[in-house]
Amino acid sequence: MTTAQVIFWVISAVVLVSAVLVVASRNIVHAALWLILSLFGVAGLFAVLQAGFMAVVQVVIYVGAIATLIIFAIMLTRRDMREGGRQTHRWWPLPALMAAALFAGLAWLLTSLPGSGATPPALAGDDHVLLLGQALLTPEQYVLPFEVASVLLLAALIGAIVIAGDARK
Amino acid sequence: MVNLGDFFYSLGIWLQGLLVRAGMSESAAHSLFSALVAAVLPLLALMTAIPLIWLERKWIARLQDRMGPNRVGPFGLLQVFADMIKIFTKEDITPRGADRVVFALAPVLAVAGVLGLWAVIPFAANAFGVDLNVGVLYLVAVGTLSTLAIMLAGWSANNKYALLGAFRTVAQMISYEVPLVLSLLVPVLLSGSLGLNGIVSAQREVWFVFSAPLAALLFLLASQAEVSRAPFDLLEAESEIVAGFNIEYSGMKFGFFFVGEFLHSFTMGLLGATLFLGGWTGPGVDSYPALGALYLILKGTSIYFIFVWARATFPRIRIDQMLNFNWKLLTPLGLFLIPTLALVNRALSESSPWLRSAALLGANILLAIAVLLILGLRGRAARMRAASAAHVPAASTR
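As the structure is a prediction and not an experimental result, all values here were calculated from the model.

(A) Representation of the overall build of chain A within the structure. Check the secondary structure of chain A and you find 6 helices and 0 strands. Helices (α) and strands (β) of chain A occur, in sequence order from the N terminus, as α-α-α-α-α-α. Within chain A, the proportion of its 169 residues that are buried is 19%. In chain A, the proportion of contacts linking residues at least 24 apart, taken out of those at least 6 apart, comes to 48%. Of the accessible surface of chain A, which amounts to about 12,600 Å², a share of 74% is contributed by carbon and sulfur atoms.

Below is the structure:
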């Protein structure tokens with residue numbers, strides 16, 4: 001095994017173990033902390049793939065914004081942050097089945113896609129961030145999805161302001 | 001005379017060559033060298049906290065017409081060492097009901113979040129931990145660790161004042177991250193590079209503080225809030241919530257937060273110098289690159305002095321003022337600033353850097369005048385409303 005493979009296996013193990021602990025830990029703040037570790041691991045995987053931009057954005061968005069807000073929501077809403085209730089639901093085999101089916105479907109889809117398993121062609125040029133930026137704003141490539149996502153986020157932003165706005169007016 | 005050119009760089013090359021000659025393979029020597037840099041850089045950063053604490057105490061003392069530390073050693077220089085010995089011998093208390101692991105993890109994260117920033121600061125042309133091509137985003141990503149650390153410290157201590165401090169943290173640090181990121185985008189926009197070294201190289205002619213003074217001001221205010229020092233020290237406001245998030249910490253765990261805060265402030269100064277004051281550039285760096293580190297530290301210390309000055313002179317602001325200041329002034333200003341500068345920069349992309357900087361400066365000044373006008377009119381309207389509201393009930397009661 002090469003060094004890169006060893007690093008990949010170690011990080012994957014960290015991601016998977018902490019992902020299991022997210023659902024298995026009884027303390028809900030601990031679950032959020034394991035989630036953060038898992039998301040950091042995913043960022044590490046991106047870094048191993050030399051996708052530095054994706055790695056950093058993963059940390060900024062998932063750890064910096066989403067996980068922090070999850071912890072904040074827990075702190076604000078739970079009177080006692082030590083979870084005492086049952087960990088499982090009566091119907092837990094059903095979602096487990098659905099999750100397994102989803103995983104199998106995704107795995108099948110990814111392996112049956114044309115070109116999967118082949119080494120992707122090397123990117124032209126050294127500055128991958130520049131290439132990504134150009135790809136996002138080129139009409140032949142991803143400008144439409146990019147703009148649609150932007151409009152969706154803007155709508156969500158305005159919606160949040162309207163909901164949180166002063167109701168007395 | 002010994003040519004100091006590329007001192008740090010040639011030191012690295014020499015050390016790697018030595019390892020290869022000692023029988024290591026090329027890649028192993030490189031990995032060992034990287035590990036060495038990764039170990040030395042944080043140590044160096046932690047060491048700078050010692051003179052910083054002395055310097056800040058002296059500055060604060062002079063600003064308050066006091067002498068500051070002056071008993072231990074000449075000019076009180078050894079005061080910090082005495083304090084260190086004292087803090088090492090203090091009892092380490094973990095309160096009952098605290099979440100032990102998280103309680104111990106929080107101070108570590110607080111310091112790690114600051115030390116991580118040092119990895120990408122270019123100290124001289126060839127002296128930096130790594131030159132990430134996403135350096136600026138990396139700064140934002142690492143900065144989230146400090147927020148996390150304070151939240152965890154506040155939650156795990158099982159103390160309501162600590163938890164209140166943690167709540168304030170979220171309100172403040174996450175809010176002020178928005179104008180901070182917006183101000184970071186301006187050097188990226190003007191230099192066309194996300195890497196810190198590219199940003200420094202783009203400032204060889206004109207520093208960005210001259211072409212985008214408003215962005216520099218945004219950075220200054222937002223980073224002061226991000227470090228959460230006075231006037232933004234709401235998370236440890238002693239007159240309201242005793243000591244805030246670190247109330248239950250004692251001994252070296254408290255020392256970690258303390259050192260982390262000082263170091264974070266200075267690191268923000270270094271970043272400000274890198275992003276807006278030309279980093280390591282200065283007269284004579286082309287022939288003596290080691291001078292660059294000196295320039296960077298001098299520039300960073302001057303920004304740090306502004307932080308200390310603000311800390312010594314401004315009273316702590318209220319929490320509603322703090323949030324209004326961010327969401328109703330800094331964030332909209334940043335959102336207007338970026339498209340304006342982008343348009344001006346694009347329109348003059350073919351002309352000389354001096355003309356372009358002058359035009360950018362003009363755009364900044366116009367925007368600043370517009371902001372001051374709006375603020376003035378709004379303040380006037382608010383005063384008029386307050387005056388009429390105070391007048392009417394008084395008339396009706398008679």
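(B) Molecular detail of the pattern of salt bridges. Residues and elements named next belong to chain B. A complete count under the given rule lists 4 salt bridges over all chains for this structure. One salt bridge connects Glu56 with Arg311, and the closest N-O pair in it is separated by 2.3 Å. Here Glu56 is found in helix α2 (residues 26-63), whereas its partner Arg311 is found in helix α12 (residues 291-313), with 255 residues between them in sequence. The exposure class of Arg311 is partly exposed, given its relative accessible area of 32%. Salt-bridge contacts for Asp83 lead to Arg57; the nearest nitrogen and oxygen are separated by 3.1 Å. Taken together, the residues span a long stretch of sequence, with Asp83 in helix α3 (residues 79-89) and Arg57 in helix α2 at a distance of 26 residues.

(C) Spotlight on α12(B). Across its 23 residues, α12(B) extends 33 Å between first and last C-alpha, which sits within 8% of the 33 Å expected from 1.5 Å per residue. Taken as a whole, α12(B) has its buried residues at Gly292(B), Ala293(B), Tyr295(B), Leu296(B), Lys299(B), Gly300(B), Thr301(B), Ile303(B), Tyr304(B), Phe307(B), Val308(B) and Ala310(B).

(D) Molecular detail of unusual backbone geometry. Although it is not a glycine, Asp65(B) sits at a positive phi angle of roughly 60°. Looking at where Asp65(B) falls in the secondary structure, it is placed in the loop between α2 and α3.

(E) Examining the packing of α2(B) against α3(B) more closely. Residue and element names in this part refer to chain B. Contact geometry of α2 with α3 gives a least axis separation of 9 Å together with a crossing angle of 115°. Crossing angle aside, the handedness with which α2 passes α3 is right-handed. In contact with Ile50, Ile53, Trp54 and Arg57 of α2, α3 contributes Gln79, Val80, Phe81, Asp83 and Met84. Residues of the contact of α2 with α3, tallied by class, amount to 6 nonpolar, 1 polar and 2 charged.

(F) Structural view of the interface of chain B and chain A. With 20 residues of chain B in contact, the opposing surface of chain A contributes 24 residues. Interface area, chain B with chain A, both sides summed: about 1,900 Å², of which 82% is carbon and sulfur. Viewed at the interface, chain A and chain B are joined by 0 salt bridges. Here chain B and chain A share 0 residue pairs in polar contact (both at pLDDT 80 or more) between them. Where the side of chain B that touches chain A is concerned, the elements lending two or more residues are α5 (135-156) and α6 (160-191) of chain B. The element best represented in the side of chain B that touches chain A is α5(B), accounting for 10 residues.

Each value, and the rule that gives it
- Residues numbered from 1 in each chain as written.
- Chains lettered and ligands numbered in written order.
- Predicted model: local features only at pLDDT ≥ 70, side-chain atom pairs only at ≥ 80, totals over all residues.
- Heavy atoms only, no water.
- Helix = DSSP H or I, 4+ residues; strand = E, 2+ residues; numbered from the N terminus.
- Buried < 20%, exposed > 50% of the residue type's maximum accessible area, 1.4 Å probe, protein only.
- Contact = heavy atoms within 4.5 Å.
- Areas by Shrake-Rupley, 256 points an atom, 1.4 Å probe, with all protein chains shown as cover.
- Salt bridge = Lys/Arg side-chain N within 4 Å of Asp/Glu carboxyl O.
- Expected span 1.5 Å × (residues − 1).
- Axes fitted to C-alpha atoms, helices over the stretch in contact; angles between N-to-C directions.
- Left-handed = near helix turned anticlockwise from the far one by under 90°.
- Nonpolar A, V, L, I, M, F, W, Y, C, P; charged D, E, K, R; others polar.
- Buried area = accessible area lost by both parts, 1.4 Å probe.
- Polar contact = N/O pair within 3.5 Å; in protein donor to acceptor, adjacent residues only side chain to side chain.

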